[in-house]
Amino acid sequence: MEQQRGVFSSRVGLAFLTPALFFVVVFLLFPFVWIFYLSFTNQTLTGASALSPSFVGLENYARLFDFDRWARAGEFGSALWITIQFVLGSALLGQAVVGLTIAWAFYRRKGLLREIVFTLAVLAWIIPDVVVAFAWSAFLDYEQGTLNAILGALGLGRPDWLFRYPLISIILFNTWRGSAFSILLFSSALETIPPSYVETADVVGASAWQKFRDILFPLLRGHILTDLILITLWTFNVFTPYLLTGGGPTFKTEVVSIYIYRTAFKFFEFGKGGAIAVVVMLINLTLAMGYLAMLRRQKASA
Amino acid sequence: MAQITLENVTKTFGAVTAVDRVSLTIAEGELVALLGPSGCGKTTTLRLIAGLEIPDSGRIFIGDREVTRLPPRERDVAMVFQDYALYPHMNLMDNIGYPLKVRGVPREELRQRVQEVARRLQIGDLLDRRPSQISGGQQQRASVARAVVHEAQAFLFDEPLSNLDAKLRLEARAFLKHLQHTEGVTAAYVTHDQAEAMALADRIVVMNHGKIMQIGTPLDVYRNPQNTFVAAFIGNPPMNLLPCHLDMAQGVLVVAANQAPLDLGLLRERIRVALKDGDSLTLGVRPENITLGAEPGPAAIPGKIYVTQPLGGETLVNVEVGDQLVSVRIFTEELPPLPEQVWLTLDLARTFLYGPDGERIV
């Protein structure tokens, strides 16, 4: 077959690409290089080092990985550990499991209940951050919150959610917030499985668990990996919990994105903030590479 | 193996009645074909037996056990789907052995039973292949093997041959019939292909709009179609159906297409119901029960040759009768020369008359 050729010459093509490339360079590539550079300086917003920052080598990185203090509240190690719990809890156990469960529960079913559940899930996903955060503040509020009003009426006690269970609160919040993506992805993946596969299993007598383990899971494995790549990375970088807890109390919900924000834009330590951002980016890159390698292996074996 | 009984089974989907008061018994070891056009309810009937659908009313028995509301897994039937439903991520050993695995059969016994069945179905050396690595015909056998391996009470086939090309389909048909005889299985077999139903089945159930139109042996439904639907559905080419009306005064049937009078002759004695002048009837005659000639006769109607189609051992002639095409099948390799204007002589002993409601009178 003759190789397909574009409508335009490569020169014209390049001309069309230029505006987009320009913005990519200005808003993505340049800031990235700039942050990488900043992370090796003691640049701040105010004070002497704001005017004449000096090159400090790996000092910013050394401070992050100062193992005497990094696990203390408000330090990098602590933020990283909170983030890991947050990702495991709200992305893997939360969104992926909830998404798969709901998608499977409504597999090849139509009806009002499905419409309601899907619409609510998508609404939770597309409503702006600030609105959602406000709604959850109102929901979880100690004195006036809806949740405590319900629990109190049932005689189940009225815990101060954001104070006593801050991490669990933001994990639940983020699960609620982001499950729609996994529900939609898994639902459409399930639609691609011919009904006769499941019906054959029904007729031979497979239990619900056997059907899931032997048929649906193997056929969905690629989709599950794709889902995990995306929601892990999104959850790792998500900033919305800040609107709910501000990272507190006492840094208990300070995930790395909030830690970067506090360092760079509250303490104005751009150098150190840049160093954290670079480390976080490397972690994300490693995660993504790991998942992609698994996906490639999965494709090769399929 | 067990007998399958449906008693007055009805299933609706919204406003559509897919299966309408169907009663049917499939005897032990019998293969019954459910035949009809798409949307006639044959597949729904099969799925009702399998338990993939639950009827709105009526009862279903497998053996002497009522299964009407039982889930599929408690019915002990095996089903072969049109798309074979082989799992792409499993090799044939795991695919065929899956019903055994689900039942907790030990690994070693499972291997032996799968190997034994696969050998019998001539796919014994393909067991380590995935479905995508074997041909359509082999996939079809593998899906049959999966049904055979778990020794169910009954087999349910949902158009198992329609994804095969014509040549493979004939092979697979012979193979399935042989298998059914050697295994002596009770089977329900859904198809829209009347030739397949004729070739395979002990009895055929012809369905239309969710209702059973006729039940009988293949020869019975071929020789004695009870209504115009069955007459038009069975046979290739199907029976010629000529609208006509009765002219009592002349003692003839007038063919609507060209107003040709046809002497009732033999038919007169066979009419057992009261008919009156002008009743609109339908004359049914199979292509092989018409002869072509140059001379008129009392049981002959005139027509004009449209085309002749030599098919090897036989010749199909299409004759224009008024605005209608009539098929005539002549069992000769070479057709004698015929004038353009011919007379079609009907074999009145093998001609049917259907009433205004499409039900058979003669």
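Residues numbered from 1 in each chain as written. Chains lettered and ligands numbered in written order. Predicted model: local features only at pLDDT ≥ 70, side-chain atom pairs only at ≥ 80, totals over all residues.

Below, the discussion takes up the overall build of chain B. When helices and strands are counted, chain B shows nine helices and 20 strands. Taken over the C-alpha atoms alone, chain B extends approximately 80 × 50 × 35 Å along its principal axes. In chain B, which comprises 362 residues, the proportion classed as buried is 41%. Partitioning the intrachain contacts of chain B with sequence separation of at least 6 by distance along the chain shows that 66% fall at a separation of at least 24. (Helix = DSSP H or I, 4+ residues; strand = E, 2+ residues; numbered from the N terminus. Buried ≥ 20, exposed ≤ 12 C-beta atoms within 10 Å, placed from the backbone. Contact = placed C-beta atoms within 7 Å.)

A few words on the overall build of chain A. For chain A, the helix and strand inventory stands at 14 helices and zero strands. Seen in sequence order, chain A has helices and strands lined up from the N terminus as α-α-α-α-α-α-α-α-α-α-α-α-α-α. Counting only C-alpha atoms and orienting by the principal axes, one finds that chain A spans roughly 75 × 75 × 35 Å. Split into buried and exposed, the 302 residues of chain A put 29% on the buried side. In chain A, the share of contacts with a sequence separation of at least 24, taken over all contacts with a separation of at least 6, comes to 68%.

Residue and element names in this part refer to chain B. Strand order in the open sheet formed by four strands is β2-β1-β4-β5, with antiparallel pairing between adjacent strands. A strand with exactly one partner marks an edge of an open sheet, and here the two such strands are β2 (16–26) and β5 (65–66). In terms of strand pairing, strand β1 (residues 4–13) meets β2 through seven bridges, oriented antiparallel. By the bridge assignment for β2, T12 is matched with T17. Where helix α1 (residues 42–50) meets the sheet, it contacts β1, β2 and β4 (57–62), and its direction lies at approximately 65 degrees from that of β2. (Pairing = 2+ DSSP bridges. Axes fitted to C-alpha atoms, helices over the stretch in contact; angles between N-to-C directions.)

In terms of nonpolar packing, the biggest core is built from 150 residues, with A33(B), V77(B), L156(B), A188(B), Y189(B) and V205(B) touching the most fellow members. Looking at this core, the element that brings in the most residues is helix α4 (residues 76–105) of chain A, giving 11 residues. When residues of this core are assigned to domains, at least three map to each of domain 1 (4–233) and domain 2 (240–354) of chain B. In this structure, Y189(B) is in contact with L31(B), V32(B), A33(B), L34(B), F157(B), L200(B) and A201(B), ignoring residues within four places of it in sequence. (Core = buried A, V, L, I, M, F, W, Y, C linked by C-beta atoms within 7 Å. Domains from an automatic or database assignment.)

Right, let's talk about unusual backbone geometry for a bit. Residue and element names in this part refer to chain B. Look at the link from N236 to P237: it is a cis peptide, with omega at -5 degrees. Here P237 lies in the loop between α8 (228–233) and β11 (240–247). Phi is positive for R21, which is not a glycine, with a value near 45 degrees. Within the secondary structure, R21 sits in strand β2. Phi at Q122 is positive, roughly 60 degrees, even though this residue is not glycine. Inspection of the secondary structure puts Q122 in the loop between α3 (107–120) and α4 (136–149).

A word on the interface of chain B and chain A. Often the size quoted for an interface is simply the accessible area lost on bringing the parts together. Taken residue by residue, the interface counts 17 residues in chain B and 15 residues in chain A. Contributions of two or more residues to the side of chain B that touches chain A are made by β6 (77–80) and α2 (92–102) of chain B. Here the residues of the side of chain B that touches chain A are counted per class, giving 12 nonpolar, two polar and three charged. (Nonpolar A, V, L, I, M, F, W, Y, C, P; charged D, E, K, R; others polar.)

As a further point, take the sheet that holds strand β12 (residues 252–255) of chain B. All names here are of chain B. Sheet architecture is open: five strands sit in the order β13-β12-β11-β14-β20, paired in antiparallel fashion. Pairing within the sheet leaves two strands with one partner each, and these edge strands are β13 (261–263) and β20 (351–354). Geometrically, the sheet is characterised by an average inter-axis angle of 40 degrees between neighbouring strands, direction not taken into account. With three bridges connecting them, β12 and β13 associate as antiparallel partners.

Okay, the domain arrangement of chain B next. All names here are of chain B. One can read the domain layout of chain B as domain 1 (4–233) and domain 2 (240–354). The partner domain 2 presents five residues to the five residues of domain 1 that form the contact. Taken together, the residues of the side of domain 1 that touches domain 2 break down into three nonpolar, two polar and no charged.

This part is about the pairing of β12(B). All names here are of chain B. Only one face of β12 is buried: it carries L253 and V255, and the other face, with V252 and V254, is open. Two strands pair when backbone bridges link them, and β11 and β12 are joined in this way by four bridges, in the antiparallel orientation. Bridging across to β12, H245 finds its partner in V254. Turn length for the β11-β12 hairpin, with the two strands adjacent in sequence and antiparallel, is four residues, and the turn residue G251 shows positive phi of about 70 degrees. Count of turn residues in the β12/β13 antiparallel hairpin: five residues, of which Q259 carries a positive phi of about 60 degrees.

The packing of two helices is summarised by the inter-axis angle and the distance between the axes. All names here are of chain B. The interhelical angle for the contact between α2 and α4, taken along N-to-C directions, is 30 degrees, at an axis separation of 7 Å. On the basis of their axis angle, the class for α2 and α4 is roughly parallel. In the packing of α2 onto α4, the handedness of the crossing is right-handed. Between α2 and α4, the residues in contact are L92, N95, I96, G97, Y98, P99 and L100 and A142, A145, R146 and V149, respectively. By residue class, the composition of the contact of α2 with α4 is eight nonpolar, two polar and one charged. (Parallel < 35°, antiparallel > 145°, perpendicular 65-115°, else oblique. Left-handed = near helix turned anticlockwise from the far one by under 90°.)

Given 15 C-beta atoms within a 10 Å radius, R21(B) is considered partly exposed. Not counting residues within four places of it along the chain, the set of residues in contact with R21(B) comprises N8(B) and T10(B).

Here helix α9 (residues 166–191) of chain A spans 38 Å end to end across 26 residues, near enough to the 38 Å set by a 1.5 Å rise per residue. By the largest-angle criterion, G178(A) marks the main kink of α9(A), which is about 45 degrees. (Expected span 1.5 Å × (residues − 1). Bend = angle between axes of the 7 residues up to and from the residue.)

Turning next to the confidence of the model for chain B. With 99% of its residues at a pLDDT of 70 or more, chain B shows a mean pLDDT of 88. On the interface metric, ipTM, the complex scores 0.81, and its pTM is 0.78. (pLDDT = per-residue confidence, 0-100.)

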